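Descriptive structure summary
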Amino acid sequence: MTVSPSSERTVFWRRSLPELLKLVNAAPSGLSSSEAADRLKQAGPNMLRPPKKRALFIQFLARFKNPLVIILLCASAVSAFTGDVASFLIISSIVVMSVTLDFIQEHRAGRAAEDLRQSVAIRVQVLRDGKSIEVPAATLAPGDVVLLSAGDRVPGDGRVLEAKDFFVNQALLTGESYPLEKVPRDLAEDERDMADAANAVFMGTSVVSGSATVLICRTGPNTALGEISDTLTTKAPPTSFEQGTQRFGMLIMRFTVLLVLFVLFVNAFFHRPWLESFLFAVALAVGLTPELLPMIVSVTLARGAMRMAGKKVIVKRLESIHNLGSMDVLCTDKTGTLTEARIRLERHVDSRGRDSSRVLELAYLNSFFETGLKSPMDDAILEHREIDATGWRKIDEVPFDFERRRVSVLIDNGQYRLLAVKGAPEDILRLSTLYEEQGEQNPQPFDDAASARVRALYEELGRDGFRVLGIAWRREGPDHPHAVVSDETELVFAGFAAFLDPPKESAAEALSALAGVGVAVKVVTGDNEIVTRHICEKLGLPITGVLTGTEIQGMDEQALSARVEDVNLFCRVNPAQKNRVILALKRRGRVVGYLGDGINDAPSLHSADIGISVDSAVDVAKGAAEMILLERDLHVLYEGVLEGRRTFGNIMKYIMMGTSSNFGNMFSMAGATLFIPFLPMLPVQILLNNLLYDVSEIPIPLDSVDEEYLAHPRHWNMKFIRNFMLSVGPVSSFFDFLTFYIMLHVFHAGEKLFHTGWFIESMATQVLVIFIIRTRRNPFKSRPNMRLMLCSLLTVSLAVVLPFTPLGRYFGFVPPPVSFYAILAGLVFFYLYAVEGIKQWFFRRFAES
C-alpha cells in the first residue's frame, strides 16, 4: 500500500530509512511495472493539477453555452411554439452545423498541440523491474526509485538513498539561493523542518551537481509544492495575444450592441411584428459577431505549430507563436548559439605565457575528480589522457556554483593533500597571493608588476578569441578532512588554460537575417567582455555598448532601464542579473525572447515574453521554455520568427474581413430598416449568409503571407483595426444601398425578390473581397492559396444558383431575372475596385505599429 498523504505529509524525512521503506512498501531496487501501474491508478498522475479530461460528448455540449448560441436556440424554440416549423428547423440546423464545425476544428487543433507537447515532456530515469528505464515524470508513483543527476528537475518528494556530491537548489520552496548538499542519512532530533531535511528532495527543485538515487514518497498534489500549488499555478497575466483578442472582442461587441438596439428601436417605432423583429435582431447580432474567430485562431496557431515543427521548432504553448512573431529583442548566450560549442583546450600557459605541463596536470586532476556539473571545458581537458591520475585519490570537493564561478577538489597522493582550483580568471587572481615562477617549489608573492603582467596575458588571450580558466592550488596537511569555501584563499596561481570555441559559420548570416526582420540580438553571457567582443566582431555584430555584471549590480532598476536599450553586450552576468536585464527591456515596451539551455537560465526563460530552449537542454530549462529548438541554430529561430508572423498575418486577415466588408453589410441591414417597409433579409437568410461566409473563410489558415508583411514584428493594434473598419466598411455599405435602390427602382422588386437580390450581392461582395484584403499588394501580384480560392468561388456560386433550387424556396428565395446578374457583375467589379483603391490609400495614410 502507498503512503497516506495526511499521515506522511510532514514526516517522511524524519523517519528512519527502514521504517520509511516499510511504510511505503517499497525497496531500494524500485517497483515492478505492474506495481507502478497499480499505484499510479491509486495516486493519480504525478502533476500538480492533473488536467480534467471530459468526454467528447460533454465537450461538444459545452459549446452550446455560448450566449449567442443560446439566444438562437431560444429564437428557434419561439418559432416552433408559434407554428413556424420551417424557421425552427432551419435555425436549429444552422446552429448545430456551426457548433459542430467549430468543435471538430478545435478538437483537431488541440490534438495536434497535445502531440507536440508530449514530444518535449519531461522524462526521468526510474528503476522498474530491476532495470533503469526512462519514463514520463507524470507516470511516477509513490515507491518508485529514480536516478537523478546534474541538470535534472526533481520529479517528486523523496528520500535520498544514495548520493555522490549531490547538491540541489531548492530556492523555489525555501528562497535559499545557494545549493544545498543532500545526503543519505537519518536526521537528528533538532532537524525537523523541511529546510533542515538534508536527506530529502522536493518536487520542482533542480539538481545543480552530483548524482543520487531517490525513493519517491509523495507525488502530484501531495507534494510540498502541491500544498502551495494554488499560488504557484495562479493563471499568468494575459499575454499580448490574449489581450489583443479581448480588446478586439470588446470593440466588436460595442458596435453589435449599438446596431441591435437601433434595429429593435426602429422596428418597434414602425409597429412591426415583435417576433420577426426579435429574430432579425438576433440574426444581425450573429452576423456581426466573429463566432468563427476562436476556430480560426486555434486552427491557424495549430497549423503554424505543425509547420514550425517541420522547421525543427517545437511549440509547447500555441499562443507563444504570436509572441515569437512579435519579438523585437532576442537575448542569448553566445556559446553554442554564436559559436560551435565544440571547445578545445588549445593552450596551457604559466604566468609568463610559456607552455606549462604543470598547468595541464592541475587542470586535469581538478576535472578528473570533479563529480559536479561538468562543463564542455572539463570534457576538453579530459581529452588529454596523457596525464596520469592514478597516484591521487579524492578526499572532497567544493562544487561549482554560479555565484563563486569556480570548483575545487581536495586530493591526496599519500604524502600531502592538494586543493586544486579552477574557475573564472578574475576570481582566481583575486584569491591568489602567490604565483608559480619556476614550478611549485618556489612560488613568488603577487606584486604589482606580476599582477599587471598576468592580467595583460589574460587580456591578450581573450583578444585572440580564447576562453580562459584560471588554475591555482593550495597545499594542505595530511589531516585536512574536508574542502570548504573558506579554503579557497591564499592560493598559488599556476597559470591559464585557454580554450577555443570558434564562431559558428551560420551565425553571421542568421544575425544579419534577424536584424533584417527587426529583431535586435543582445548577447547576455557569463563570459568576459574581451572574449565576447572578439566573437561578435568575427560575426559582424556591431557592438553598441557593453555592461558588466559588476556595473549592473551597482544600478537600480531605473538606471538599468535607461541603459539596456543602447547596450547589446552584457558580460560576466549571473542569473539574477540576466533576469534584471530582461525585465528592464520589458519595462521599455520591448517584446523580449530569451534563448537558454542551462539551470541558471530558468528564471530568465520564465520572465521573457517568449522563453526558448533547445532539445539538448536540461529539464529545468525545457520546463520553463515555451518553445524548444531541435537544433541550436539562430537560423532555425529566424524561420520560427517568420512563421509566427505568418500565422498572425492569417489571423489578421479574418479579423480585417470581419471588421470591414462583413461589418458593412450588417450596418447596411440595420440602416435599411429605416426606409424599407419590410425586413431587408429574413432572419434565416441572415443566418444562412453568415454560415456560407464562415465556410468560405475556413481555408484562411492555409493561405500564404506576403514577404513584406514578415519584415517587421507584428502586434495587436486596435486603433489600426478600427481605422480600417471605418475606412472600408462604408464602401461596402454604399454598394449595399446602391443595390437596394436598384432592386426597388429598377427591378421594382417585391419582398422575396429583394431578399434574393441582396442575399446574392452581399455574399458575392463580402466573400470575394477576401482577395483584396488578404494582401497589401495589387491582388494580381499576390497569389492566394488554391483551397481558399476554390472555397470562396464555390461559396459564391452556391449563392448564385441557390434561388433556382428547391432548397432556395425553403429559405424564401425566388429566381431573379437574367439582367440582374449582369448588373451584379458590374456592382461587384466596381466594389472590388473601390475597396482596392481605399485599401491602397489606407496603407499609405496609416502605419501599423
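Predicted model only: the values in this text are computed from it and were never measured. (Residues numbered from 1 in each chain as written. Predicted model: local features only at pLDDT ≥ 70, side-chain atom pairs only at ≥ 80, totals over all residues. Heavy atoms only, no water.)

1. A closer look at the overall build of the protein
Broken down by element type, the protein carries 33 helices and 23 strands. Scored against the burial criterion, the 849 residues of the protein give a buried share of 56%. By sequence separation, contacts in the protein at least 24 residues apart represent 73% of the contacts at least 6 residues apart. Total accessible area computed for the protein in this model is approximately 35800 Å², and 59% of it derives from carbon and sulfur atoms. (Helix = DSSP H or I, 4+ residues; strand = E, 2+ residues; numbered from the N terminus. Buried < 20%, exposed > 50% of the residue type's maximum accessible area, 1.4 Å probe, protein only. Contact = heavy atoms within 4.5 Å. Areas by Shrake-Rupley, 256 points an atom, 1.4 Å probe, with all protein chains shown as cover.)

2. Regarding the packing of aromatic side chains
Counted under the stated rule, the structure contains 28 aromatic pairs. Consider the rings of F724 and F842, whose centres lie 5.2 Å apart with planes at 80°: the pair is edge-to-face. Here F724, found in helix α28 (residues 718-746), pairs with F842, found in helix α33 (residues 818-845); they are 118 residues apart in sequence, far enough to count as distant. As far as the burial class goes, F724 and F842 line up, both buried. An angle of 35° between the planes, with centres 6.3 Å apart, marks the rings of F724 and F843 as tilted. (Phe/Tyr/Trp six-rings, centres within 6.5 Å; stacked < 30°, edge-to-face > 60°.)

3. Some details on a nonpolar patch on the surface
A cluster of nonpolar residues, F262, F265, F269, F270, L674 and F675, forms a patch on the protein surface that exposes about 650 Å² of accessible area. The topology assignment puts F265 in helix α10 (residues 240-269). Relative accessible area serves as the criterion here: at 57%, F265 is assigned to the exposed category. (Patch = residues over 30% accessible without salt bridge, like charges linked within 9 Å, V, L, I, M, F, W, Y side chains within 5 Å. Salt bridge = Lys/Arg side-chain N within 4 Å of Asp/Glu carboxyl O.)

4. Let's talk about empty space enclosed by the protein
The final tally for this structure, using the stated rule, is 2 cavities of 30 Å³ or more. A volume near 230 Å³ is recorded for the largest cavity. Every residue lining the largest cavity is counted, 17 residues in all, and those nearest its centre are Y709, I773, R774, R776 and F843. At the level of elements, α25 (634-658), α28 and α33 are the ones that each hand at least two residues to the lining of the largest cavity. Among the elements that take part in the lining of the largest cavity, α25 stands out by supplying 4 residues, more than any other. Tallied by class, residues from the lining of the largest cavity come to 8 nonpolar, 2 polar and 7 charged. (1 Å grid on protein atoms, 1.4 Å probe; cavity = no way out; pocket = protein on both sides within 12 Å on 5 of 7 lines; lining within 4 Å. Points joined across faces, edges and corners; volume = space filled by probe spheres on them. Nonpolar A, V, L, I, M, F, W, Y, C, P; charged D, E, K, R; others polar.)

5. Comments concerning the nonpolar core
If you look at the biggest cluster of nonpolar residues, it comprises 137 residues, and the most contacted ones within it are L324, L330, F570, L634 and F759. Take this core: its biggest share by element is 13 residues, from α25. Setting aside residues no more than four positions away along its own chain, F759 makes contact with M681, Q685, L688, N689, L692, A799, L802 and F813. Core analysis: the second largest hydrophobic core is formed by 27 residues, L345, V359, M377 and I381 among them. (Core = buried A, V, L, I, M, F, W, Y, C linked by side-chain atoms within 4.5 Å.)

6. A word on the pattern of salt bridges
Enumeration according to the criterion identifies 36 salt bridges in this entry. The salt bridge involving R358 is made with E361; its shortest N-O contact spans 3.9 Å. A residue pair is termed a helical-turn pair when its members lie 3 or 4 positions apart in one helix, as R358 and E361 do in helix α14 (residues 357-369) at 3 residues. The buried category is assigned to R358, whose relative accessible area is 15%. For E361, a relative accessible area of 27% translates into the label partly exposed.

7. Concerning the packing of α25 against helix α27 (residues 683-697)
Running from N to C, α25 and α27 cross one another at 155°; their axes reach a closest spacing of 12 Å. Compared by their axis directions, α25 and α27 come out roughly antiparallel. In the packing of α25 onto α27, the handedness of the crossing is right-handed. Packed against α25, whose contacting residues are Y654, M657 and G658, the element α27 presents Y693, D694 and E697 at the interface. Here the residues of the contact of α25 with α27 sort into 3 nonpolar, 1 polar and 2 charged. (Axes fitted to C-alpha atoms, helices over the stretch in contact; angles between N-to-C directions. Parallel < 35°, antiparallel > 145°, perpendicular 65-115°, else oblique. Left-handed = near helix turned anticlockwise from the far one by under 90°.)

8. A short note on unusual backbone geometry
Most peptide bonds adopt trans geometry, and most residues besides glycine take a negative phi value. Although it is not a glycine, K312 sits at a positive phi angle of roughly 70°. In this fold, K312 is placed in the loop between α12 (293-310) and β8 (313-315). The phi dihedral of E490 is positive, around 50°, even though this residue is not glycine.

9. Notes on helix α19 (residues 529-539)
Within α19, the full set of buried residues consists of V531, T532, H534, I535, C536 and L539. Taken together, the buried residues of α19 touch α17 (448-463), β16 (466-476), α18 (505-516), β18 (520-524) and β20 (569-571).

10. Structural notes on the side chain of H480
Positionally, H480 belongs in the loop between β16 and β17 (491-500). With a relative accessible area of 19%, H480 lands in the buried category. Of the polar contacts made by the side chain of H480, one reaches the backbone oxygen of H482; its length is 3.0 Å. (Polar contact = N/O pair within 3.5 Å; in protein donor to acceptor, adjacent residues only side chain to side chain.)

11. Observations regarding the sheet that holds strand β22 (residues 610-614)
In spatial order, the strands read β8-β23-β22-β21-β9-β18-β20-β19; together these 8 strands make up an open sheet with mixed pairing. Looking at the sheet topology across the chains shown, the edges are occupied by β8 and β19 (546-548). Strand-to-strand twist in this sheet, taken as the mean axis angle between neighbours without regard to direction, amounts to 20°. Pairing geometry for strand β9 (residues 329-332) and strand β21 (residues 592-595), over 4 bridges, is parallel. (Pairing = 2+ DSSP bridges.)

12. A closer look at the confidence of the model for the protein
Of the residues in the protein, 84% have a pLDDT of 70 or more, and the chain-wide mean is 82. At the level of individual helices and strands, the protein shows its lowest average pLDDT in helix α1 (residues 5-8), which scores 39, and its highest in strand β13 (residues 417-423), which scores 95. Predicted confidence for residues 229-237 stays below pLDDT 50, and this span has 8 contacts to residues more than four positions away or in other chains. (pLDDT = per-residue confidence, 0-100.)

13. Concerning α18
Residues A507, A510, L511, A513 and L514 constitute the buried set of α18. The buried side chains of α18 occupy one side of the element, clustering within an arc of 165° when seen end-on. Opposite the buried face of α18, by more than 90 degrees, sit the exposed residues E505, E509, A515 and G516. Looking at the buried positions of α18, the neighbouring elements they touch are β9, β18, α19 and α25. Of the residues trailing α18, G518 is marked for its positive phi of about 80°. (Arc of directions from axis to C-beta.)

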